[in-house]
Amino acid sequence: MSTPETDRLIAAHAHAADFYRRQLPTAVPALRYLNGRGIIAATAHQPPWTIGFAPGGWTTLRDHLRELGFTDAELLAAGLVTTSRTGGIIDVFRERVMFPIRRVPDGAVIGFTGRDVSDWPGAPKYRNTATTAIYHKRDHLHGLAELTSRTMPPTAVLLVEGPTDVVALARLGTSTGPCAAVAPCGTALTAQQVTALRHAVPAGTSLVLALDADYAGRTATERAYALLWDWPGPLEAVALPAATDPADLVARGRDAATHYLENQRQPLADLLIEQRLARHRLDEVPGQIGALRHVAPLIADIAARDTAHASALCAGLADRLHLDPLTVLEAVYPDPEEPPPQPTARQRERFAVGQPRLADARPAGVEYAYHCPPENVAAVRVHHDPETGITAWVLTEGLSDTHADRIAAHLAAEIAARTAPTIGARNAIDLARTAVNARFSRPGTAQGDATIVVLTHSPEASTRRLAVAWAGNITAYGAAARWFATLTGHPTVAPAATVRNGMINLNYINRACTQVVLAGQRTAHMPATAVRELVDGTRPDRAVEDIQRSEPLANIAVVRLRTTTPQIAAQGNLDTTSRLSATGPSKAPHPAAPRRHELSPSTDAARAVPPARQ
């Protein structure tokens with residue numbers, strides 16, 4: 001809010017800026033410094049920058065402003081003068097190149113950053129205006145007012161370390177005008193400065209960090225990411241050469257600087273991952289484990305906004321650290337409330353830090369059963385996430401009866417089941433695709449592949465309560481009291497699609513659905529009417545048993561959804577080798593009886609119920 005007192009402080013700064021500007025043309029040390037930093041005299045003298053020079057006298061500015069009618073009290077309140085050890089009033093800035101700090105939106109000068117050119121021993125390189133009634137350095141950015149005064153908004157803004165970089169970069173041209181850059185005012189980046197920048201540029205504007213490559217710059221980059229991770233646009237970075245800042249690049253040549261800054265951009269997260277990995281010995285197992293733990297939380301943050309990017313990072317990290325892709329996925333997507341995996345001696349020998357883990361299934365408001373003979377190259381997984389309330393069922397089948405296809409099927413099922421409740425059915429297949437491709441990417445490795453279908457159930461959602469995603473010859477059916485339909489495309493539509501290649505399809509089911517059937521290739525020849533006759537109106541375990549009689553080697557899962565959904569208490573993760581089979585001998589007429597699991601409010605854990613006729 002403007003008051004007579006603050007208006008006087010603004011006026012004092014305007015006169016001080018004009019005074020400093022008029023000193024610059026004859027200040028040889030200041031001009032020499034600016035030229036060496038890529039800032040020519042024409043840029044320094046002209047708006048919007050009007051850089052100045054504070055002469056070396058003790059009271060030069062004070063005397064000038066006194067002549068203009070300002071009192072010592074006003075100058076002290078403005079932060080332009082200070083009290084000496086002997087009690088006198090002296091200038092704050094002496095023998096310094098002066099960069100004005102302007103406020104948004106009116107562009108009024110409210111402070112200065114002064115760069116020392118005196119070479120006095122012990123003189124601080126930079127000095128900033130102290131906190132005053134009109135200036136708090138945590139709230140302002142060098143270059144922000146100049147940026148908002150442009151007729152066209154920039155497509156990208158560079159975040160740099162100091163005002164010299166900001167002004168030097170303004171000499172580089174872009175399609176929307178001079179290159180736009182901002183810098184903190186003598187502080188690390190603050191939340192207030194980020195908020196001000198958000199308000200100054202349109203959503204979707206790229207923000208590019210171009211901080212120094214030294215330790216301080218790397219630390220500033222880490223801190224900046226904590227404030228900028230949800231920036232409403234591309235968040236990028238430029239890795240600068242050692243002992244080089246943006247002003248140095250401009251001083252060496254504008255064309256080369258423009259080319260470097262445009263072509264060396266990368267996602268900020270990628271740069272941070274490289275910086276974190278560089279702190280570890282990646283040729284030793286302890287270093288690999290430490291690197292994984294250091295990087296995994298960052299990739300998890302990325303996954304919340306860009307699943308495809310996170311998938312690629314997981315695959316690259318697995319290959320670089322010589323770890324199994326599932327190990328990386330477990331570190332990035334840990335089970336809720338589960339401590340990080342601790343490596344065993346055997347796992348260290350295998351260059352891995354974890355193996356697939358199983359957990360007890362708890363109440364989820366559904367009842368399901370499945371049949372997946374051990375001799376089949378297939379897998380079924382079920383996983384429930386208590387935070388989202390979403391349950392996922394996954395059925396995968398290897399393309400042939402080979403060990404590699406078995407690995408592909410089980411790896412894809414494990415990853416898709418673990419991640420589908422949090423990132424969605426289609427994204428889970430995409431993540432599984434990345435992991436499986438990484439698993440078989442090394443030269444000389446036997447190639448494995450599989451088909452996959454993922455079902456997710458969100459009981460609290462008003463729409464899109466069910467989602468089905470699939471890749472390959474695998475089928476899902478949905479049933480209700482008055483309808484029975486195929487939820488996936490016909491198997492012959494895209495026969496080339498698999499976990500590793502081809503289109504990943506997705507359907508949302510908004511109609512009331514009480515039962516879903518996931519069926520493998522061995523049931524593909526069965527008409528939908530035949531499947532309906534076997535499953536319609538029956539318990540999941542009996543439906544699976546009836547299908548098993550028709551096709552003993554069928555891989556099948558039947559899920560019955562209740563009309564009233566109970567509260568969800570915990571998480572489950574089951575597979576075809578689950579210990580639930582130990583609860584009692586099977587009474588089914590086949591070696592591998594269907595598992596039936598009823599997850600209801602009255603149960604404390606999943607129960608394996610031997611199939612029985614009703």
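Residues numbered from 1 in each chain as written. Predicted model: local features only at pLDDT ≥ 70, side-chain atom pairs only at ≥ 80, totals over all residues. Heavy atoms only, no water.

**Brief notes about helix H17 (residues 403-423)**
Turning to step 1, where the next piece is worked out: Taking 1.5 Å as the rise per residue, H17 with 21 residues should run 30 Å; its terminal C-alpha atoms sit 29 Å apart, in good agreement.
Turning to step 2, where the next piece is worked out: A bend of about 30° at Ala417 is the largest found in H17, and the proline Pro421 appears one to four places after it.
Turning to step 3, where the next piece is worked out: A large share of H17 lies buried, amounting to 16 of its 21 residues.
Turning to step 4, where the next piece is worked out: Gly424 occupies a position one or two residues after H17 and carries a positive phi of about 100°. (Helix = DSSP H or I, 4+ residues; strand = E, 2+ residues; numbered from the N terminus. Expected span 1.5 Å × (residues − 1). Bend = angle between axes of the 7 residues up to and from the residue. Buried < 20%, exposed > 50% of the residue type's maximum accessible area, 1.4 Å probe, protein only.)

**Quick word on the pattern of salt bridges**
Turning to step 1, where the next piece is worked out: Summed over all chains, the structure comprises 20 salt bridges.
Turning to step 2, where the next piece is worked out: Of the charged contacts in the structure, one is a salt bridge between Arg37 and Asp248, with a shortest N-O distance of 2.7 Å. Within this pair, whereas Arg37 is found in the loop between helix H2 (28-36) and helix H3 (41-45), its partner Asp248 is found in helix H10 (residues 246-252), the two being separated by 211 residues in sequence.
Turning to step 3, where the next piece is worked out: The class of Arg37 is buried, set by a relative accessible area of 13%.
Turning to step 4, where the next piece is worked out: A residue is classified by how much of its surface remains accessible, and Asp248, at 19% relative accessible area, is buried.
Turning to step 5, where the next piece is worked out: The salt bridge partner of Arg279 is Glu222, with a shortest N-O separation of 3.6 Å. With Arg279 in the loop between helix H12 (268-277) and helix H13 (285-303) and Glu222 in helix H9 (residues 215-228), this residue pair connects regions lying 57 residues apart in the sequence.
Turning to step 6, where the next piece is worked out: By relative accessible area, which is 18% here, Glu222 ends up buried.
Turning to step 7, where the next piece is worked out: Each of Arg37, Asp165, Asp245 and Asp248 takes part in a single network of salt bridges with overlapping partners. (Salt bridge = Lys/Arg side-chain N within 4 Å of Asp/Glu carboxyl O.)

**Digging into the nonpolar core**
Turning to step 1, where the next piece is worked out: With 76 residues, the main nonpolar core has Leu197, Leu207, Leu209, Leu228, Ile299 and Ile452 as its most contacted residues.
Turning to step 2, where the next piece is worked out: In contact with Leu197, other than residues within four places in its own chain, are Leu141, Leu144, Val157, Val182, Leu207 and Trp231.
Turning to step 3, where the next piece is worked out: Judged by nonpolar contacts, the second largest core, of 33 residues, contains Leu172, Ala183, Leu249 and Ala257. (Core = buried A, V, L, I, M, F, W, Y, C linked by side-chain atoms within 4.5 Å. Contact = heavy atoms within 4.5 Å.)

**Things to note about the environment of Gly107**
Turning to step 1, where the next piece is worked out: Within the fold, Gly107 resides in the loop between strand S4 (96-102) and strand S5 (109-116).
Turning to step 2, where the next piece is worked out: By relative accessible area, Gly107 is classed as partly exposed at 27%.
Turning to step 3, where the next piece is worked out: Sequence separation between Gly107 and Ser149 is 42 residues, and the spatial gap between their C-alpha atoms is 8.2 Å.
Turning to step 4, where the next piece is worked out: When sequence neighbours within four positions are dropped, the list of residues in contact with Gly107 reads Arg102 and Ala145.

**Things to note about the pairing of strand S19 (residues 466-471)**
Turning to step 1, where the next piece is worked out: Counting buried positions along S19 yields six of six residues, so the element is predominantly enclosed.
Turning to step 2, where the next piece is worked out: As defined by bridge partners, strand S18 (residues 450-457) adjoins S19 across six bridges and the pair is classed as antiparallel. Paired with Val454 across the strands is Ala469, a residue of S19.
Turning to step 3, where the next piece is worked out: With five bridges joining them, S19 and strand S22 (residues 505-509) adopt antiparallel strand pairing. Within S22, the position partnered with Leu466 by the bridge is Ile509. (Pairing = 2+ DSSP bridges.)

**With respect to the sheet that holds S4**
Turning to step 1, where the next piece is worked out: Read from one edge to the other, the open sheet built from four strands follows the order S1-S4-S5-S6, with strand pairing classed as antiparallel. Each edge of the open sheet is held by one strand with a lone partner, namely strand S1 (52-54) and strand S6 (126-128). Averaged over all pairs of adjacent strands, the angle between their axes in this sheet comes to 35°, without regard to strand direction.
Turning to step 2, where the next piece is worked out: Inspection of the sheet shows S4 paired to S5 by seven bridges, in the antiparallel sense. The residue bridging Phe99 from the neighbouring strand is Thr113, located in S5.
Turning to step 3, where the next piece is worked out: Where helix H1 (residues 4-23) meets the sheet, its contacts fall on S1, S4 and S5, and the angle it forms with S5 comes to roughly 35°.
Turning to step 4, where the next piece is worked out: Its contacts with the sheet put H2 on S1, S4, S5 and S6, and the angle it makes with S4 is roughly 65°. (Axes fitted to C-alpha atoms, helices over the stretch in contact; angles between N-to-C directions.)

**Thoughts on the packing of aromatic side chains**
Turning to step 1, where the next piece is worked out: Evaluated as defined, the whole model comprises four aromatic pairs.
Turning to step 2, where the next piece is worked out: Look at Tyr20 and Phe112: their rings are 5.3 Å apart centre to centre, the planes differ by 85°, and that puts the pair in the edge-to-face class. A residue pair is termed long-range when its members are at least 10 positions apart, and Tyr20 in helix H1 and Phe112 in strand S5 qualify at 92 residues. Taken as a pair, Tyr20 and Phe112 share a single burial class, namely buried.
Turning to step 3, where the next piece is worked out: Relative to Phe112, the ring of Phe93 lies with its centre 6.3 Å away and its plane at 65°, an arrangement referred to as edge-to-face. With Phe93 in the loop between strand S3 (89-91) and S4 and Phe112 in strand S5, the pair connects residues that are 19 residues apart, well separated along the chain. For the pair Phe93 and Phe112, a shared accessibility class is recorded, and that class is buried.
Turning to step 4, where the next piece is worked out: The ring of Tyr126 carries Arg115 above its face, with NZ or CZ at 6.0 Å from the centroid. (Phe/Tyr/Trp six-rings, centres within 6.5 Å; stacked < 30°, edge-to-face > 60°. Lys NZ or Arg CZ within 6 Å of the ring centre and 35° of its normal.)

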